[in-house]
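# Structural description and commentary
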Amino acid sequence: MHRFNEADAGAAEEALLACCGSHRWALRLTAHRPYPDIESLLAAASEASYDLRPADLAEALADESWMPQPLLGMRAPGSQAAHTALRAAHAAYEARFGHVFVVCLEGVDPEEMLDTVLSSIRTRLANDPDEERLISADELRRIALTRLEHLVATHSEAGAH
């Protein structure tokens, strides 16, 4: 926590943008430093996530599409047919909602990821756009909190060596 709290504002904001692609979210968390502990930082991050405006959410979702990772679930073990179905589901989702599919997979076993992602996409394709925007915002919040925990843990471990 100390390294995050003491980092210059630009470095802190850049690190936070790797957790959630909303500049408003990152600026807000940067401005409210120092945080006494990880729990306080996560609570502030969660609150800032709930306060994202539609434009902030769109910015964060667009940032997810630029992440250097394959389509969600594509690295998971599974048959060629399942991977083909997953690619088609991702394409259908993006065509329907205009942004990449996001779901927090923290705690999901690698063997279950492909099925979890495919099932989630198929279920969420039936949502209306407003409902899906709320679900996507909550999934982004969960993803950002997970990334933030890893960020602070990584920086704490690096500072301890």
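Data block above holds the structure.
Conventions adopted
- Residues numbered from 1 in each chain as written.
- Predicted model: local features only at pLDDT ≥ 70, side-chain atom pairs only at ≥ 80, totals over all residues.
- Heavy atoms only, no water.
- Helix = DSSP H or I, 4+ residues; strand = E, 2+ residues; numbered from the N terminus.
- Buried < 20%, exposed > 50% of the residue type's maximum accessible area, 1.4 Å probe, protein only.
- Contact = heavy atoms within 4.5 Å.
- Areas by Shrake-Rupley, 256 points an atom, 1.4 Å probe, with all protein chains shown as cover.
- Expected span 1.5 Å × (residues − 1).
- Core = buried A, V, L, I, M, F, W, Y, C linked by side-chain atoms within 4.5 Å.

Right, let's talk about the overall build of the protein for a bit. Of regular secondary structure, the protein possesses 8 helices and 0 strands. In the protein, the succession of α and β elements from N to C terminus is α-α-α-α-α-α-α-α. Per-residue burial for the protein yields a buried fraction of 42% across its 161 residues. Excluding contacts between residues fewer than 6 apart, the proportion of contacts in the protein whose partners are at least 24 apart in sequence is 68%. Accessible surface computed for the protein: about 8800 Å², of which carbon and sulfur atoms make up 56%.

The next subject is helix 7 (residues 110-124). The first and last C-alpha atoms of helix 7 sit 21 Å apart over 15 residues, in line with the 21 Å expected at 1.5 Å per residue. When helix 7 is considered as a whole, its buried residues turn out to be L114, V117, L118, S120, I121 and R124.

One broad trend across soluble globular proteins is that nonpolar side chains are buried collectively. If you look at the biggest cluster of nonpolar residues, it comprises 30 residues, and the most contacted ones within it are F4, L16, W25, L41 and L148. Top element by residues in this core is helix 8 (residues 129-160). It accounts for 7 residues. Ranked by size, the runner-up nonpolar core spans 12 residues in total, among them A82, Y93, V117 and L118.

Let us look at the environment of E139. Looking at the secondary structure, you find E139 in helix 8. C-alpha separation for the pair E139 and V102, spaced 37 residues apart in sequence, amounts to 6.3 Å. In contact with E139, other than residues within four places in its own chain, are V102, V103, C104 and R124.

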